[in-house]
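Structural features, examined
Each chain, written out:
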Amino acid sequence: MENITVREWVNKFNNKEFESKNRAVQCNAGWYDWFCSDDALAGRLKKMGNIIKDIKNDYILDNFRVWFKNNCPCSYPLYDDFRFEPIMENGEDSDDTIRDQLYFGVQCGHPFGSDYMYEVFTARNGYRTEFKCKNKREVLNVIEQLAEDFQKEIEV
């Protein structure tokens, strides 16, 4: 997995660099763990990437990396999530203190929800669901709100 900013990831996604079903390409795109077939990763990535590419907040785009997980709950179907992790200015992973304030993820097509398609969990909330969203627009609004919250928290 490349340790690149979300902005760099979006550029690669828009340039179709992650469309190959090749396992190495998908790992470079940010897949960390999965239970689906390797051939399914590119399609799953495209669905999530079509949300990520519309993030407009510079703080998220320039200070976080994104990675992906395919989850296999015991009694439910597979579902995916994408996670945002802060990175340091030198491109390294963040220290645990910053990570615990800023890390968040978006679960897609979560099998436990009936009235919503996405759940947003945050480290600041003990990795529990903080928001439930019905559509892409709501997810993007939550990400924008989180970015504003995070910037205020870091300034303090």
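Structure report, in brief. All figures in this text were calculated on a predicted structure; none of them were measured in a lab.

Regarding its fold elements, the protein presents six helices and six strands. Along the protein, helices and strands appear, N-terminal first, in the series α-α-β-α-α-β-β-α-β-β-β-α. For the protein, the proportion of its 156 residues judged to be buried stands at 44%. Across the protein, contacts joining residues at least 24 apart in sequence account for 49% of those joining residues at least 6 apart. Counting every atom, the protein has about 8200 Å² of accessible surface; 45% of that belongs to carbon and sulfur.

Inspection of helix α1 (residues 6–14) places Val6, Trp9, Val10 and Phe13 among the buried residues, and these make up the whole buried set. The buried residues of α1 all sit within an arc of 100° when viewed along its axis, so they share a single face. Just beyond α1, the residue with positive phi is Lys16, at close to 65°.

Tracing the chain through its elements places Asp58 in helix α4 (residues 58–63). Placed 51 residues apart in sequence, Asp58 and Arg7 show a C-alpha to C-alpha distance of 8.3 Å. A distance of 2.8 Å separates polar atoms of two side chains, one belonging to Asp58 and the other to Arg7.

Let's shift gears to the nonpolar core. Nonpolar side chains in soluble globular proteins tend to end up buried together. Counting 38 residues, the largest nonpolar core has Trp9, Ile52, Phe64, Phe68, Phe82, Phe84 and Phe104 as the members making the most contacts within it. Of all the elements in the fold, those that place two or more residues in this core are α1, α3 (41–52), α4, β2 (64–71), β3 (79–86), β4 (104–108), β5 (118–122) and α6 (136–155). At seven residues, the largest contribution of residues to this core is made by α6. With residues up to four places along the chain from it excluded, the contact list for Phe104 reads Ile60, Phe64, Phe82, Arg83, Phe84, Val120, Phe121, Thr122, Ile143, Leu146 and Phe150.

Applying the stated rule across the entire model yields 13 salt bridges. Between Arg23 and Asp38 there is a salt bridge whose closest N-O contact spans 3.8 Å. Here the residue Arg23 occupies a position in helix α2 (residues 23–29), and Asp38 occupies one in the loop between β1 (31–33) and α3, the gap between them amounting to 15 residues. Its relative accessible area of 28% is what places Asp38 among the partly exposed residues. Residue Asp81 is joined to Arg83 by a salt bridge in which the shortest nitrogen-to-oxygen separation is 2.7 Å. In this pair, the class of Asp81 matches that of Arg83, namely buried. The network of salt bridges with common partners includes Arg124, Glu130, Asp149 and Glu153.

What counts, and where the lines are drawn
- Residues numbered from 1 in each chain as written.
- Predicted model: local features only at pLDDT ≥ 70, side-chain atom pairs only at ≥ 80, totals over all residues.
- Heavy atoms only, no water.
- Helix = DSSP H or I, 4+ residues; strand = E, 2+ residues; numbered from the N terminus.
- Buried < 20%, exposed > 50% of the residue type's maximum accessible area, 1.4 Å probe, protein only.
- Contact = heavy atoms within 4.5 Å.
- Areas by Shrake-Rupley, 256 points an atom, 1.4 Å probe, with all protein chains shown as cover.
- Arc of directions from axis to C-beta.
- Polar contact = N/O pair within 3.5 Å; in protein donor to acceptor, adjacent residues only side chain to side chain.
- Core = buried A, V, L, I, M, F, W, Y, C linked by side-chain atoms within 4.5 Å.
- Salt bridge = Lys/Arg side-chain N within 4 Å of Asp/Glu carboxyl O.

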